[in-house]
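Residue-level structural notes
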Amino acid sequence: MVQYTIPEQVVRMKIWDINNSSSIRIHRAIAKIIITDMEPIQVVQKTGFVELMRVLERRYTVPSRKYFSEQLIPEINDEVCAQLLVILDPVTSPFLSFTTDTWTSGNTVQSFMGLTAHWLTEHFENMSFVLDCKPFIGHHTAPALMTAFQQMLDKWNIDVGRCNVVLHDNAANISKYFRDAIIDSLGCFAHTIQTCVHDGLLNQRAVSDIISIAKKLRRALTVYCSEVDETYCPTAYQWSVAENLVCVVAPFEEATREVSYKTAHISLVIPVVTALRNLLKNEGNNAGVKTMKSTLLKSLDEHYSSTSSSLLWRCIDEIVQSTSAPEQQLPTSIDTQLSQYLAEPEINRLADPLQWWSKNMHRLPALATVARIYLGAPPTSVPSERLFSVAGEVLNDHRSSLLPHNAARLIFLKYNSKLIKD
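An account of the accompanying structure is given in this report. (Residues numbered from 1 in each chain as written. Predicted model: local features only at pLDDT ≥ 70, side-chain atom pairs only at ≥ 80, totals over all residues. Heavy atoms only, no water.)

Scanning the protein chain from terminus to terminus reveals 17 helices and 5 strands. Each of the 422 residues in the protein chain was classed as buried or not, and the buried ones make up 43%. Counted over contacts in the protein chain with a minimum sequence separation of 6, partners at least 24 positions apart contribute 68%. Of the roughly 23500 Å² of accessible surface on the protein chain, 55% is carried by carbon and sulfur atoms. (Helix = DSSP H or I, 4+ residues; strand = E, 2+ residues; numbered from the N terminus. Buried < 20%, exposed > 50% of the residue type's maximum accessible area, 1.4 Å probe, protein only. Contact = heavy atoms within 4.5 Å. Areas by Shrake-Rupley, 256 points an atom, 1.4 Å probe, with all protein chains shown as cover.)

And the structure:
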């Protein structure tokens, strides 16, 4: 056992000041628990927590709830914002893609507008951060949404010219404000797929009948069919239609999952739409679902009739215009690179295209510039929906009295917690 002198023992027993370096280290660790585990800030006042900290380090005193909510967490927020501003430097991140959406908390009836940014580094590394979860007051009109969106961009010194594309849900108000602002935007691919499926289901009478019977069966089965005066059982034909229905919509469900992964890129849209079109054109067994397949195909064509002319070619045009090479040499250079690219063997479907571009960007510099812009965008607004899923956990029953700006700060830090220093 180590023997300490009396002066040493006095020092060891002395309570740390709140600004002591050791105290600050523990303060930040507690703040990180509050942020990452979404604990209510008042946990620092609970008897059990205070006792736990006393057992772990008797010289440490847990600060008040106010210290964390009004001083430490805002300081951490400022630190993360400063780091993110450096990361968003236009020199290293010239083009950004965004997702945005609005959400209203059921516990507080407070609306928020979220903004996430996505891009690829010069080495084709995927970058994704939440830029804001802004409290939104008033009606969700196009002018109000545009004002909020512009304020969020201004906060990060992001010029509209750096916006490659904005992904959003298919609500008319959101679509309108981007059209009015002349900002390139796309509706969420996952939402569009579900809209197509909905259109198809409603246009096939046999399918609608099965859905109606299934809804009635739910109640009947819960109280046992034998105890119900009138049971609703599908006919043999309807069971056959149900089997065909599953075969038709299964690829749409798989497509929705594929484009909703965190690693998904907007480049999936065209091949997925093409695959779905080909599947719907396949005759197969059309018993009871022929009208549905026709409606699905028509709906896909209406939503994606111009997938061949998109952001990709606009990016190529911009490169052609901005390059400093002589005009007569420009087409040859790009044509050569494009020919080389098209002559490349196809990579495995499960391979990561970002790794391929990282290895080949020096051989195809012009096309790599396009790929870096184009592949940086997600195909859906799911990142914003994930943001609001976290928001729902932050604004739970135990935090319903949390002020909107404090809630927004905690949501922002939770999603960008990888930038929080120990």
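According to the stated counting rule, one finds 12 aromatic pairs in the structure shown. For the pair W103 and F388, a centre-to-centre distance of 5.7 Å together with 15° between the ring planes defines the contact as stacked. Residue W103 is located in strand β1 (residues 96–104), and its partner F388 is located in helix α16 (residues 382–394); the two are separated by 285 residues in the primary sequence. Aromatic side chains W356 and W357 sit 5.0 Å apart centroid to centroid with 85° between the ring planes, which places their arrangement in the edge-to-face category. Comparing W356 with W357, the two get one shared label, buried. Clustering of aromatic rings is evident, with ring pairs tying together F124, Y341, W356 and W357. Taking the ring centre of F412 as reference, the NZ or CZ of K155 above it sits at 5.7 Å. One Lys or Arg, K418, reaches over the ring of F129 and ends 4.5 Å from the middle of that ring. (Phe/Tyr/Trp six-rings, centres within 6.5 Å; stacked < 30°, edge-to-face > 60°. Lys NZ or Arg CZ within 6 Å of the ring centre and 35° of its normal.)

Glancing now at helix α5 (residues 142–155). In a regular helix each residue adds 1.5 Å, so 14 residues correspond to 20 Å; α5 covers 20 Å between its end C-alpha atoms and thus fits that length. Listed as buried for α5 are A142, L145, M146, A148, F149, M152 and L153. Here the buried residues of α5 occupy an arc of 165° about the axis, which is enough to place them on one side. Just downstream of α5, N157 is the residue with a positive phi angle, here 55°. (Expected span 1.5 Å × (residues − 1). Arc of directions from axis to C-beta.)

To continue, consider the sheet that holds strand β4 (residues 163–168). Taken together, the 5 strands give an open sheet; going across it, the order is β3-β2-β1-β4-β5, and neighbouring strands pair in mixed fashion. The open sheet has two free edges, formed respectively by β3 (126–136) and β5 (185–187), since each of these has just one partner strand. Along the sheet, successive strands turn relative to each other by an average axial angle of 20°, direction set aside. Two elements, β1 and β4, share 4 bridges in a ladder whose sense is parallel. Bridge pairing links L96 to C163 in β4. Sheet strands touched by α5: β1, β2 (111–120), β3 and β4. Its angle to β3, the strand with the most contacts, is close to 130°. (Pairing = 2+ DSSP bridges. Axes fitted to C-alpha atoms, helices over the stretch in contact; angles between N-to-C directions.)

Limitation: the analysis is restricted to geometry and does not speak to function.
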